[in-house]
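Structural characterization, general
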Amino acid sequence: MDIRSLWSLKGKKVLVTGGTKGIGEAVVEQFLNFGAEVLMVARTQNDIREKLDDASQYNLPLYGLSADVSNSDERKIIRLKVENIWDGKLDILINNVGTNVRKPAEKYLDIEFNKIMETNLLSAFDLTKLLYPYLKKEGEDEYSSVINVSSTAGLTHLRTGVLYGMSKAALNQLTRNLAIEWAMDNIRVNAVAPWYIDTPLANQVLKDPDYKEEVISRTPAGRIGKPEEVAATIAFLCMPAAGYITGQTIPVDGGFTIYGF
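Here is what the cut-offs are and how they apply
Residues numbered from 1 in each chain as written. Predicted model: local features only at pLDDT ≥ 70, side-chain atom pairs only at ≥ 80, totals over all residues. Heavy atoms only, no water. Pairing = 2+ DSSP bridges. Helix = DSSP H or I, 4+ residues; strand = E, 2+ residues; numbered from the N terminus. Axes fitted to C-alpha atoms, helices over the stretch in contact; angles between N-to-C directions. Contact = heavy atoms within 4.5 Å. Patch = residues over 30% accessible without salt bridge, like charges linked within 9 Å, V, L, I, M, F, W, Y side chains within 5 Å. Areas by Shrake-Rupley, 256 points an atom, 1.4 Å probe, with all protein chains shown as cover. Salt bridge = Lys/Arg side-chain N within 4 Å of Asp/Glu carboxyl O. Core = buried A, V, L, I, M, F, W, Y, C linked by side-chain atoms within 4.5 Å. Buried < 20%, exposed > 50% of the residue type's maximum accessible area, 1.4 Å probe, protein only. Right-handed = clockwise from strand over helix to strand, strands pointing away.

What the seven strands build is an open sheet, ordered 3-2-1-4-5-6-7; its pairing is parallel. Looking at strand neighbours, the two that pair on one side only are strand 3 (62-66) and strand 7 (249-252), the edges of this open sheet. Here the strands of the sheet are splayed against their neighbours by 20° on average, with no regard to which way each runs. Where strand 1 (residues 13-17) lies against strand 4 (residues 92-95), three bridges are found, and the strand directions are parallel. Paired with Val16 across the two strands is Ile94, which belongs to strand 4. Here helix 2 (residues 45-57) sits on the sheet and contacts strand 2 (37-42) and strand 3; the angle it forms with strand 3, its principal contact strand, is near 170°. Sitting on the sheet, helix 8 (residues 227-238) is in contact with strand 4, strand 5 (144-149), strand 6 (187-194) and strand 7, with an inclination near 165° to strand 6.

For the rest of this paragraph, the subject is a nonpolar patch on the surface. Taken together, the side chains of Phe113, Val162 and Met166 define a hydrophobic patch exposed on the protein surface, amounting to about 240 Å² of accessible area. Within the secondary structure, Val162 is located in helix 5 (residues 162-181).

Right, let's get into the nonpolar core. Among the nonpolar cores identified, the biggest contains 30 residues, and Leu9, Val14, Val27, Phe31, Val38, Ile94 and Ile234 are the most heavily contacted of them. If you list the elements that add at least two residues to this core, you get strand 1, helix 1 (22-33), strand 2, helix 2, strand 4, strand 5 and helix 8. In contact with Phe31, not counting residues within four places along its chain, are Leu9, Val14, Ala36, Val38, Ile92, Ile94, Ile234, Ala235 and Cys238. Ala124, Leu127, Leu131 and Trp182 belong to the second-largest nonpolar core, a separate cluster that totals 24 residues.

Note on placement: Asp185 falls in the loop between helix 5 and strand 6. With residues near it in sequence (within four places) discarded, Asp185 still touches Tyr132, Lys136 and Lys137.

This brings us to the pairing of strand 1. With respect to burial, strand 1 is a largely interior element, five of its five residues being buried. Covered by surrounding structure in strand 1 are Lys13, Leu15 and Thr17 together with Val14 and Val16, the residues of both alternating faces. In the classification by handedness, the crossover that spans strand 1, the intervening helix 1 and the parallel strand 2 is right-handed.

Without other data, these values stay purely geometric and don't point to any function.
Okay, here's the thing in structure tokens:
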């Protein structure tokens, strides 16, 4: 076997939700650089147009779709887009979309509960289920991958609010269950669990210098993570080199989960 083939994503068809900002943007860029074809989904059409314009300059196989994955009707539109551009073939699904509302547990409203669960958990479950027929592989050496972008909040207590932690812990369990149920269909399912990463969502709280200093003090690596570091882990998990890894939630946390908060 050519060892280079273990570290390639050339020609793979990849769907990334939340693909225009933060971790999702870094994932799109890395998969394109590894030779994959990418469909990025995001809510804001202007952000999508900007990324498509950049890709066109380099003749990269990037597609875009404006859709809200927390909306069931728009998840069906995503499935139709996969049918249209790739004839219903899909190799990799990255469930990256997430949101949060930070409050004490007793202060949450029902509408906030629904928003967090629909965005962080239900969207990933339902979209993955909708795309299951396209992810199935029958060849002995053919595999597809689903990667759920979770959080260290799903592994230990963080000050992110109970609902966010609940949604991410459930996403980790979804990862384990689907890895078992779909193993015979040659679908590998894994999750990554980032700690604080330099993204717009995280920077909402890291702009407090005292809190940022406390976060770094509990991080053995001594710094905030970079989106491309999470993206690199995701890319590896989708490569043939990671073909024996499934059902795992891998922290990308600079050692934080060893210390705890």
